[in-house]
Amino acid sequence: MRVFPLAASLFLFFSQSSSQQTTPIVQRDPQAVALLQASVKAMGGTVPSDSVATGNITIVAGSLTTNGTIRILTRGTNQSSEQTSLPSSTYTVIFSQGLADETINSTATGIPLERAATSQSVCFPLPFLAAALANADESIHYVALEAVNQQSLQHIRLQNTFASQPTFQQFASFATFDVWLDASTSLPQRISFIRRNGRGAAPSISVDTHFSSYKITSGAAYPTQINLSLNGTPWTTISITSVALNTGLTDSNFPIQ
C-alpha cells in the first residue's frame, strides 16, 4: 500500500505549523456567482448522487491516431474517475476528496498534490461547477463577455484559495480554472487550466476542454461531444454514447491507494 498522500500531508503539516500563515481573502464576484448559479441550474440544478458515462475516444499524438473507449464516473461533487482503454494499454485517473491516483496498465502511482489540484474530471461540468459554488474557499471572478467563433461567452475564473486549510494554501496557485459559459443557454462551453506536477522548473501544460451537443438524462444535461487540447494542439476527442445517473457507486469505485 502506498503512503504517499498521508506522508505528504504530514510533511506539509509539520513544515507549515511553525510558520506564520496569512489567511487569503476569498473574493466572490456577485455577477460571476450569479452566472455560475445559472449554469448549474441550466444543467439540471441538482447534482446526481453519481454518474456513469461511456463512450468512444480518439487520441492524436503526432502522426499516430489511436481509438478506444472511455468510462467516466462521478460521485457527489468531489470524486471522479476517467478510465481509458486503448488497444495496447489502459489508463485511469481517480480523484477523491483532494487526492488523486493514476493507473497505467494495472500499476497505480500517486499523483503529486500540485497536479491533484486539477485532477478532478471536468467532463461532467455539473458536479464540478456545483462544487466550486459550494466551496467557501473558492474565489469566483468575472472576467469578461467574449466573442469566440461568433458565439458570446461569459468568462469566469475560479480558484481554490484553501483559506480554511492553512496546510494546503501553498497549492492555491495550482488550483485555478477558467470557465466559459454560453451567454444564451448558460451551458459550459470550455474549461481551461494549467497542469503541473510540481513547482519551480516543473513543466506546465495548458489543458483546454471544449463541450458541445448536450443531452438531457434524468433531468441533467451532459455534453456528449468533448474535445481536449494540450498547449493549444488538438489531442483527444470523446463521443459519449450512454449516461446513467444514480447507479449506486460507492467509495470503492474511487480507490486512492
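Here, the structure is the one placed above.
Residues numbered from 1 in each chain as written. Predicted model: local features only at pLDDT ≥ 70, side-chain atom pairs only at ≥ 80, totals over all residues. Heavy atoms only, no water.

### Some thoughts on the packing of aromatic side chains
Here is step 1: Overall, the coordinates contain five aromatic pairs when judged by the stated rule.
Here is step 2: Residues Phe168 and Phe171 carry aromatic rings whose centres are separated by 6.3 Å and whose planes lie at 40° to one another, so their mutual orientation is tilted.
Here is step 3: Taking the relative accessible area as the measure of exposure, Phe171 reaches 4% and is therefore buried.
Here is step 4: Ring pairs connect the aromatic residues Phe128, Phe177 and Phe193, which therefore count as one cluster.
Here is step 5: Arg190 extends its terminal NZ or CZ atom over the ring of Trp180, reaching a point 3.9 Å from the ring centre. (Phe/Tyr/Trp six-rings, centres within 6.5 Å; stacked < 30°, edge-to-face > 60°. Buried < 20%, exposed > 50% of the residue type's maximum accessible area, 1.4 Å probe, protein only. Lys NZ or Arg CZ within 6 Å of the ring centre and 35° of its normal.)

### Brief notes about unusual backbone geometry
Here is step 1: Despite not being glycine, Ser106 shows a phi value in the positive range, around 75°.
Here is step 2: Inspection of the secondary structure assignment puts Ser106 in the loop between strand 5 (99-104) and strand 6 (107-110).
Here is step 3: The phi torsion at Gln150 lies on the positive side, around 65°, for a residue other than glycine.
Here is step 4: Considering the arrangement of structural elements, one finds Gln150 in the loop between strand 7 (138-148) and strand 8 (151-160). (Helix = DSSP H or I, 4+ residues; strand = E, 2+ residues; numbered from the N terminus.)

### Focus: the side chain of Asp50
Here is step 1: Here Asp50 shows up in strand 1 (residues 50-61).
Here is step 2: Buried charge without a salt bridge: Asp50, with Arg75 as the nearest opposite-charge side chain at an N-O distance of 6.0 Å.
Here is step 3: Here the side chain of Asp50 touches Thr247 through a polar contact of 2.7 Å, landing on its backbone nitrogen.
Here is step 4: At a separation of 2.9 Å, a polar atom in the side chain of Asp50 contacts the main-chain amide nitrogen of Gly248.
Here is step 5: Here Asp50 is in contact with Thr74, Arg75, Ala244, Leu245, Asn246, Thr247, Gly248 and Leu249, once residues within four sequence places are set aside. (Lys, Arg positive; Asp, Glu negative; His and termini not counted. Salt bridge = Lys/Arg side-chain N within 4 Å of Asp/Glu carboxyl O. Polar contact = N/O pair within 3.5 Å; in protein donor to acceptor, adjacent residues only side chain to side chain. Contact = heavy atoms within 4.5 Å.)

### Description of helix 4 (residues 125-134)
Here is step 1: Within helix 4, nine of the ten residues are buried, which leaves the element mostly enclosed by the surrounding structure.
Here is step 2: When we look at burial in helix 4, the residues that qualify are Pro125, Leu126, Pro127, Phe128, Leu129, Ala130, Ala131, Ala132 and Leu133.

### What about the side chain of Ser81?
Here is step 1: Along the chain, the position of Ser81 falls in strand 3 (residues 79-86).
Here is step 2: The class for Ser81 is buried, based on a relative accessible area of 0%.
Here is step 3: Reaching out from Ser81, the side chain makes a polar contact with the side chain of Gln83 at a distance of 3.2 Å.
Here is step 4: Apart from residues no more than four positions distant in its own chain, Ser81 is found in contact with Arg71, Ile72, Leu73, Thr92, Val93, Ile94 and Phe254.

### Observations concerning the pattern of salt bridges
Here is step 1: Within the structure shown, the criterion is met by four salt bridges.
Here is step 2: Residue Glu102 is joined to Arg115 by a salt bridge in which the shortest nitrogen-to-oxygen separation is 3.4 Å. Linking Glu102 in strand 5 with Arg115 in helix 3 (residues 113-116), this pair joins segments that are 13 residues apart in sequence.
Here is step 3: What makes Glu102 buried here is its relative accessible area of 16%.
Here is step 4: Two residues, Arg157 and Asp178, come together in a salt bridge whose shortest N-O distance is 2.8 Å. Note that Arg157 is positioned in strand 8 and Asp178 in strand 9 (residues 176-182), a separation of 21 residues in sequence.
Here is step 5: With a relative accessible area of 34%, Arg157 lands in the partly exposed category.
Here is step 6: According to the relative accessible area criterion, Asp178 is buried, its value standing at 14%.

### Let's talk about the nonpolar core
Here is step 1: By size, the foremost hydrophobic cluster in this structure holds 41 residues, and its most contacted members are Leu36, Leu129, Ile140, Ile156, Leu158, Ile238 and Ile240.
Here is step 2: Counting residues per element, this core draws most heavily on helix 4, which supplies six residues.
Here is step 3: Contacts of Ile240, omitting those with residues within four sequence positions, involve Ala53, Thr54, Gly55, Ile72, Tyr222, Pro223, Thr224 and Ile226. (Core = buried A, V, L, I, M, F, W, Y, C linked by side-chain atoms within 4.5 Å.)

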